[in-house]
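Structural overview for review
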Amino acid sequence: EAQVTQNPRYLITVTGKKLTVTCSQNMNHEYMSWYRQDPGLGLRQIYYSMNVEVTDKGDVPEGYKVSRKEKRNFPLILESPSPNQTSLYFCASRGGAQGTQYFGPGTRLTVL
Amino acid sequence: SQQGEEDPQALSIQEGENATMNCSYKTSINNLQWYRQNSGRGLVHLILIRSNEREKHSGRLRVTLDTSKKSSSLLITASRAADTASYFCATVAPLYTGANSKLTFGKGITLSVRP
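On a predicted model such as this, the values are computed, not experimentally measured, just so you know. (Residues numbered from 1 in each chain as written. Chains lettered and ligands numbered in written order. Predicted model: local features only at pLDDT ≥ 70, side-chain atom pairs only at ≥ 80, totals over all residues. Heavy atoms only, no water.)

**Digging into the overall build of chain B**
On a plain count of helices and strands, chain B comes out with zero helices and 11 strands. Traced from its N-terminal end to its C-terminal end, chain B shows the element sequence β-β-β-β-β-β-β-β-β-β-β. Out of the 115 residues belonging to chain B, those deemed buried represent 46%. Contacts spanning at least 24 positions in sequence make up 57% of the contacts within chain B whose residues lie at least 6 apart. Accessible area for chain B stands at about 5,400 Å²; split by element, carbon and sulfur atoms hold 45% of it. (Helix = DSSP H or I, 4+ residues; strand = E, 2+ residues; numbered from the N terminus. Buried < 20%, exposed > 50% of the residue type's maximum accessible area, 1.4 Å probe, protein only. Contact = heavy atoms within 4.5 Å. Areas by Shrake-Rupley, 256 points an atom, 1.4 Å probe, with all protein chains shown as cover.)

**Observations regarding the sheet that holds strand β1 (residues 5–7) of chain B**
Strand pairing in a sheet is mediated by backbone hydrogen bonds. Such pairs are either parallel or antiparallel. Residue and element names in this part refer to chain B. If you walk across this open sheet you meet the five strands as β1-β3-β8-β7-β6, and the pairing is antiparallel. Either end of the sheet is taken by a strand with one partner, and the two such strands are β1 and β6 (55–58). Averaged over all adjacent pairs, the angle separating strand axes in this sheet is 20°, with direction ignored. Inspection of the sheet shows strand β7 (residues 61–66) paired to strand β8 (residues 71–76) by six bridges, in the antiparallel sense. Opposite Leu 61, over in β8, you have Ile 76 as the bridge partner. (Pairing = 2+ DSSP bridges. Axes fitted to C-alpha atoms, helices over the stretch in contact; angles between N-to-C directions.)

**Things to note about the interface of chain A and chain B**
Contacts between the two partners involve 23 residues from chain A, matched on the other side by 25 residues from chain B. Here chain A packs against chain B, burying approximately 1,700 Å² in sum over the two surfaces, 50% of which is carbon and sulfur. Along the contact surface separating chain A from chain B lie zero salt bridges. The interface formed by chain A and chain B includes three residue pairs in polar contact (both at pLDDT 80 or more). Elements supplying a minimum of two residues to the side of chain A that touches chain B: β4 (31–38), β5 (42–51), β9 (87–94) and β10 (101–103) of chain A. Among the residues forming the side of chain A that touches chain B, the class breakdown is 11 nonpolar, nine polar and three charged. (Buried area = accessible area lost by both parts, 1.4 Å probe. Salt bridge = Lys/Arg side-chain N within 4 Å of Asp/Glu carboxyl O. Polar contact = N/O pair within 3.5 Å; in protein donor to acceptor, adjacent residues only side chain to side chain. Nonpolar A, V, L, I, M, F, W, Y, C, P; charged D, E, K, R; others polar.)

**Some details on the sheet that holds strand β7 (residues 65–66) of chain A**
Residues and elements named next belong to chain A. If you walk across this open sheet you meet the four strands as β1-β3-β8-β7, and the pairing is antiparallel. Of all strands in the sheet, those with a lone pairing partner are β1 (4–7) and β7, marking the two edges. Relative to strand β8 (residues 76–78), β7 runs antiparallel, the two sharing two bridges. Residue pairing across strands places Val 66 opposite Leu 76, the latter belonging to β8.

**Here we look at the pattern of salt bridges**
In total, this model carries six salt bridges over all chains according to the counting rule given. Lys 65 of chain A is the partner of Glu 79 of chain A in a salt bridge, and the nearest nitrogen-oxygen pair spans 2.9 Å. Taken together, the residues Glu 79 of chain A in the loop between β8 and β9 and Lys 65 of chain A in strand β7 connect sequence positions 14 residues apart. With a closest N to O distance of 2.9 Å, Asp 83 of chain B and Arg 60 of chain B form a salt bridge. Of this pair, Asp 83 of chain B sits in the loop between β8 and β9 (85–92) while Arg 60 of chain B is found in the loop between β6 and β7, placing the two residues 23 residues apart along the sequence. Relative accessible area serves as the criterion here: at 8%, Asp 83 of chain B is assigned to the buried category. Several salt bridges converge on common partners, so that one network encompasses Arg 36, Asp 38 and Arg 44 of chain A.

**As for the nonpolar core**
Within the largest apolar cluster, 22 residues are counted, with the highest numbers of intra-cluster contacts made by Met 21, Leu 32, Trp 34, Leu 74, Ile 76, Tyr 87 and Leu 111 of chain B. Elements represented by at least two residues in this core include exactly β3 (19–24), β4 (31–37), β5 (43–50), β7, β8, β9 and β11 (109–114) of chain B. In this structure, Ile 46, Tyr 47, Tyr 64 and Val 111 of chain A belong to the second largest nonpolar core, which totals 19 residues. (Core = buried A, V, L, I, M, F, W, Y, C linked by side-chain atoms within 4.5 Å.)

**Quick look at the layout of surface pockets**
Of the pockets and cavities examined, the largest pocket occupies roughly 420 Å³. Contributing elements (two or more residues each) for the lining of the largest pocket: β4 and β9 of chain A together with β9 and β11 of chain B. With four residues, the single largest contributor to the lining of the largest pocket is β11 of chain B. Considered class by class, the residues forming the lining of the largest pocket number seven nonpolar, 14 polar and three charged. Its volume calculated, the second largest pocket comes out at about 350 Å³. The wall of the second largest pocket is formed by 18 residues, among which Phe 103, Gly 104 and Pro 105 of chain A together with Leu 43 and Val 44 of chain B lie closest to the centre. Elements with a contribution of two residues or more to the lining of the second largest pocket: β1 and β10 of chain A together with β5 of chain B. Here the residues of the lining of the second largest pocket are counted per class, giving eight nonpolar, seven polar and three charged. (1 Å grid on protein atoms, 1.4 Å probe; cavity = no way out; pocket = protein on both sides within 12 Å on 5 of 7 lines; lining within 4 Å. Points joined across faces, edges and corners; volume = space filled by probe spheres on them.)

Now the structure itself:
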């Protein structure tokens, strides 16, 4: 089954404690993205990757890092989380530049 | 920057009625897509319409695109309680703009279908 998986699905952590949210897709897609969703603000792109070792900033990259060492994986790293990063996070992948996007189930992060 | 703006923000209808949702955008597009999100879950792709298309159908869904007005509408016919969800339009800029092929989302429409 074609899918994008994220882990963990729920995470409560404290300010400053480094964390990684993993994302994996099994569709051999080149394009992957991370979004955050906040009430009243919709979905905003954090980072994206056009292919292995090619990543770039989206609209709200501050406080986040990503890496793309393999085509299937695109982890999101919060080196020093802060409460304003409490949000619902989605990973997504797309086969072509102009195609449809497949979303993971989301990771609900709370930073205390 | 937000590209798609959906209208209305919230819509409540009776089961069996049709639901019409609108999306306006500001700049040229390669295509426009509609997604559905059930509460707290991932977005699910519904339909994609390219800039050279005017109308597409998929089951009970009908999407129109008017590039001269920079607007799109999503019609769900014979709605069901299971259609209750948030609906988002998203646009993809043309390749020549170099806009990283980003999918830019609106803030969404909350649809409630009463049984």
